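Here's the letter readout for the chains.
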Amino acid sequence: MSLLEFQKISKSFSGVEVLHNISFQLEKGNVIALIGENGAGKSTLMKILCGILDDYQGKVLINGNEVRFNNPREAEKAGIAIIHQELNLVNDLNVAENIYLGHEPVSRFGFVNFDKIYSETKKLLTEFDFPFSVKTKVRDLPIGWQQMVEIAKALGIKAEIIVMDEPTSALSESEIQFLFKQIKLLKESGKTIIYISHRMKEIFEIADEVVVLRDGKYIGKYNIHEVDQNFLVQKMVGKEIKTSPNKSKLIQKEQLLSLKSVIVNDNKKRFLTDISFELKRGEVIGIAGLLGAGRTELLKFLYGSYQQNYAGEIEFQNKRFIPSSPSRSIQNRIVYLSEDRKNEGIFPELSNLKNSSISVLPSLSSFGFIKSELELDTVTTMTDELNVRMESIHQHISHLSGGNQQKVLLSRVLLIKPDLLLLDEPTRGIDVGAKQEIYDLIEKLKAEGMGILFTSSEIPELLLVSDRILVLSEGKHTALLDTNQTDSREILQYACGGAA
Amino acid sequence: MKNKILDYYTKSDWLKPVLGFVGLFILATIFSPVSSKGTIIFLKFDNLSNILRQVSEIGIISVGMTLVIITAGIDLSVGSVLALSATLTAFGIMDWQLGFSLTIIVALLSGVLAGFINGVLISWGKIQAFIVTLAMMTGARGFALFIADSNSRNIGFGEGAAPEVFKIFTTSFLGIPFPVFIFIGVSIIFSVMLRKMRIGRYIYAIGSNEEAARLAGLRVNWIRTTTYVFSGLLAALAGIIHAAQLYQGNPNDGIAFELDSIAAVVIGGTSLMGGKGTLEGTIAGVLIIGILSNILGLHGVQKDFQLMLKGAIIVAAVLLQEGNLRFGFLGK
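Everything quoted here is computed from the prediction, not taken from an experiment.

Thresholds, definitions, all that
- Residues numbered from 1 in each chain as written.
- Chains lettered and ligands numbered in written order.
- Predicted model: local features only at pLDDT ≥ 70, side-chain atom pairs only at ≥ 80, totals over all residues.
- Helix = DSSP H or I, 4+ residues; strand = E, 2+ residues; numbered from the N terminus.
- Rg over C-alpha atoms; globule rule 2.2 N^0.38 Å.
- Buried ≥ 20, exposed ≤ 12 C-beta atoms within 10 Å, placed from the backbone.
- Contact = placed C-beta atoms within 7 Å.
- Axes fitted to C-alpha atoms, helices over the stretch in contact; angles between N-to-C directions.
- Parallel < 35°, antiparallel > 145°, perpendicular 65-115°, else oblique.
- Nonpolar A, V, L, I, M, F, W, Y, C, P; charged D, E, K, R; others polar.
- Expected span 1.5 Å × (residues − 1).
- Pairing = 2+ DSSP bridges.
- pLDDT = per-residue confidence, 0-100.
- Core = buried A, V, L, I, M, F, W, Y, C linked by C-beta atoms within 7 Å.

1. What about the overall build of chain A?
Argument step 1. In terms of regular secondary structure, chain A is built from 17 helices and 22 strands.
Argument step 2. On C-alpha atoms alone, chain A measures out to a radius of gyration of 24 Å, which is about the 23 Å that the 2.2 N^0.38 rule sets for 500 residues.
Argument step 3. Once the C-alpha set of chain A is aligned to its principal axes, its extents read approximately 70 × 50 × 50 Å.
Argument step 4. Taken across its 500 residues, chain A has 46% of its residues classed as buried.
Argument step 5. Considering only contacts in chain A between residues 6 or more positions apart, those separated by 24 or more positions represent 68%.

Written as structure tokens, this is what we have:
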């Protein structure tokens, strides 16, 4: 008898079927990777397992008994925990309070037994070599450790099945290795882990089995030792993807942006030091660095999102440039795509159309009135070009998968017809197919003469897309490398602060 | 076909409150007292136009309140601004002899100024809207009492008093009172603004995701300030109508108007979380409250019971809008 079994699960959202007759079984003590393109139904299936969605057809069986959870709490009681891609911690509570949130041990008079919370939390966290006090506010922890708190929380409710949704998307290489060590420990103690990820490398490193979904259908379950990456990618997309880059040579030599010894100070601490580089039209500079190295900060600073003091010289199109505000940057045709789609990108209550056109409305209106036909034409031309898969342009953007939301946001910045494109982790949390489309797009924009600054926490991706790579370590510029003459090892060394 | 209708029903923001209004209208007709001649009193032209006249002040205020709430803000100062504007109107036209146009300009400017101060403190001062407008609610009321020396000022007509043209606010056209036309005009102007104009789109965007709006190049602070200025302006407009209808400017009037207006906006389907809502819904909300008070009044139901019922209606309306009684703990 298997630990967990899905029997003919189907689920529709307002008439559109997103899961179709999914059946498979999972055994105890394994790490199972669940993969599929965005919109394949991974998240929906996991939401059913974890009680977030309760109206579906079919059965979920645990140890052979049918279960149907009406809410996450019931699922937790049955030993199922989920760690979401966006962490679900309360920033202003401390570590221990977060771990026991919702099931605090109480004393006879209804007071929370804090002594017990702290001692139990310490016990839970000893396994993790947790270097902070259990009374540290979650806000003050590095994001990698916040993730550990989530895992500890799952253990705190004695979960047997732990679902991890893209757990590494915000982690640096070293933090990922650390996470994998914990996952192996969990596995040894008999826990079952369902691991959702887009990163093939990780799957081969950590998983025992891999389940592939495509378009809401179950494609197959494979032993990881019997398959290779190309095979899985093909199962996921149903077609071959080209993996080799076809980098175009620099056509134009005209300088677009130059920074000379730029130093940026926050009120107290300095967060960017000695940044110098020149970006030409038609060039892509990738920005590498560990978490907290200042990649996002550099892009946001150039975009004028912070109003910090800085020293050094910045020239844009051979004129002195002072980053002052996003609206000013947009006038200068500098655009920024945020790494944080949910909090800094989408307008969830607005349609795809309105999400896309928001930055260029002045050019689509006269006397303050929006010319709706012009707006529709302009936006659909762009979304068609970017191959956004959506039911309708008037549908709320929150209904789209991550990859398609990203494309809508890309259409927003591309409609501005930028000269300088600041792309912050543009492929984060999106599937292989959409990633490839974004790489192709970057190639195309390059050829059109845009200058692109591009961050990624995946070094292979930086090597694939960039012409040169700027490496940051704790806000400091440590190297500017030619992609053809470097490798992951060297980049990582500079990212850790050391010279090669 | 059935699915399509259902789909439309769940997707359009304004349909539910409008259907609620239609439903209540039918119920009011059915349960209306009947006169000895057999006419349905509720449906009498005089009664209907009376309802419209009664709701027009709250209605005008609610239009501004809707804009503010869509940006995820709140304006608690509208009742006090109404009182201030009403007081300025009475003093302007009687004591200071400013004449018709200048009086109205002064009164409207008081609302614009109050709204501008609200907007600046919220946007650049980074203080919560609730607190800023609570302070303005207190302060504007105090200023109105100061001007009026805590008494109400009556408006009379004739030599050395209000000019005849001031009576325009109490006239009727085709049997419909003048304030109703102002309400209708304001509603049309602002719903066109929300639907068709850039500023309307920006207002929704700010309410939906302020940080995204800023990064998309919107001048968030100015746009938000504009909504508070509109709210103050419309509250002041309602204040002028208020003074003109009562022939007096009373610094103690307009108490709790902000709450009535928030209630109307919420019944109309606008979310206090921002990013969602329509003026059509708000207007339906205003009319729902108006009809309810009217039909209860026709039956001689006392104020105390009316208030209890109004409380229940607010909750019921929101429950219906959300479409379920489940509380989404982790709903994403």
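2. What to know about the environment of Val 180 of chain B
Residue and element names in this part refer to chain B.
Argument step 1. Inspection of the secondary structure assignment puts Val 180 in helix 7 (residues 178–196).
Argument step 2. By the C-beta count within 10 Å, which is 20 here, Val 180 ends up buried.
Argument step 3. In this structure Val 180 touches Leu 52, Arg 53 and Ser 56, once residues within four positions along its chain are discounted.

3. A word on the environment of Gly 286 of chain A
Residues and elements named next belong to chain A.
Argument step 1. Along the chain, Gly 286 turns up in strand 13 (residues 284–288).
Argument step 2. C-alpha of Gly 286 to C-alpha of Ser 133: the two residues are 153 residues apart in sequence and 37 Å apart in space.
Argument step 3. If sequence neighbours within four positions are ignored, Gly 286 has contacts with Phe 454, Ser 456, Leu 462, Val 465, Ser 466 and Ile 469.

4. Topic: the packing of helix 7 of chain B against helix 8 (residues 198–208) of chain B
Residue and element names in this part refer to chain B.
Argument step 1. Where helix 7 meets helix 8, the closest approach of the two axes is 5 Å, and the angle between their N-to-C directions is 70°. In terms of orientation, helix 7 and helix 8 fall into the roughly perpendicular class. Between helix 7 and helix 8, the contacting residues are Met 193, Leu 194, Arg 195 and Lys 196 on the first element and Ile 199, Gly 200 and Ile 203 on the second.
Argument step 2. For the contact of helix 7 with helix 8, the per-class residue count stands at 4 nonpolar, 1 polar and 2 charged.

5. Digging into helix 5 (residues 143–156) of chain A
All names here are of chain A.
Argument step 1. Under the 1.5 Å per step criterion, the end-to-end length of helix 5 is 20 Å for 14 residues, consistent within 8% with the ideal 20 Å.
Argument step 2. Among the 14 residues of helix 5, 11 are classified as buried, and the element is accordingly described as predominantly covered.
Argument step 3. Buried within helix 5 are the following residues: Trp 145, Gln 147, Met 148, Val 149, Glu 150, Ile 151, Ala 152, Lys 153, Ala 154, Leu 155 and Gly 156.
Argument step 4. Residues of helix 5 that are buried sit in contact with strand 6 (80–83), helix 3 (95–99), helix 4 (114–126), strand 7 (161–165) and helix 6 (173–188).

6. Some points on the pairing of strand 4 (residues 57–62) of chain A
Residue and element names in this part refer to chain A.
Argument step 1. Pairing geometry for strand 1 (residues 4–13) and strand 4, over 5 bridges, is antiparallel. The partner of Phe 6 across the bridge, within strand 4, is Val 60.
Argument step 2. Note: strand 4 against strand 5 (residues 65–67), 3 bridges, orientation antiparallel. The residue bridging Ile 62 from the neighbouring strand is Asn 65, located in strand 5.
Argument step 3. The turn linking strand 4 back onto strand 5 is made up of 2 residues, and Asn 63 within it adopts a positive phi angle of 50°.

7. Thoughts on the confidence of the model for chain B
Residue and element names in this part refer to chain B.
Argument step 1. For chain B, mean pLDDT is 90; residues scoring 70 or higher make up 93% of the total.
Argument step 2. Taken together, the stretch residues 324–332 has pLDDT below 50 and engages in 5 contacts with residues farther than four places along the chain or on a different chain.
Argument step 3. Per the prediction output, this complex has pTM 0.77; the corresponding ipTM is 0.87.

8. Quick notes on the interface of chain B and chain A
Argument step 1. Listed per partner, the contact involves 23 residues of chain B and 28 residues of chain A.
Argument step 2. The residue makeup of the side of chain B that touches chain A, split by class, is 10 nonpolar, 5 polar and 8 charged.

9. As for the nonpolar core
Argument step 1. The biggest cluster of nonpolar side chains holds 164 residues, and the ones touching the most others in it are Leu 422 of chain A together with Ile 61 and Leu 234 of chain B.
Argument step 2. If you tally residues by element for this core, the top one is helix 10 (residues 220–246) of chain B, at 14 residues.
Argument step 3. For Leu 422 of chain A, the contacting residues outside a window of four places in its chain are Leu 299, Leu 302, Tyr 303, Ile 334, Val 335, Tyr 336, Leu 337 and Leu 453 of chain A.
Argument step 4. Residues Ile 80, Ile 99, Ile 151 and Leu 232 of chain A belong to the second largest nonpolar core, which totals 65 residues.

10. So, helix 11 (residues 257–267) of chain B
Residues and elements named next belong to chain B.
Argument step 1. Judged by how many residues are buried, helix 11 sits mostly within the fold: 10 of 11 residues are covered.
Argument step 2. For helix 11, the full list of buried residues reads Phe 257, Glu 258, Asp 260, Ser 261, Ile 262, Ala 263, Ala 264, Val 265, Val 266 and Ile 267.
Argument step 3. Phi turns positive, to about 90°, at Gly 269, one or two residues after helix 11.

11. A short note on unusual backbone geometry
Excluding glycine, residues mostly have negative phi values, and the peptide bonds linking residues are mostly trans.
Argument step 1. Although it is not a glycine, Asn 318 of chain A adopts a positive phi angle of roughly 65°.
Argument step 2. Not every positive phi belongs to a glycine, and Asp 149 of chain B is a case in point at roughly 55°.
Argument step 3. Within the secondary structure, Asp 149 of chain B is located in the loop between helix 6 (129–148) and strand 1 (153–154).

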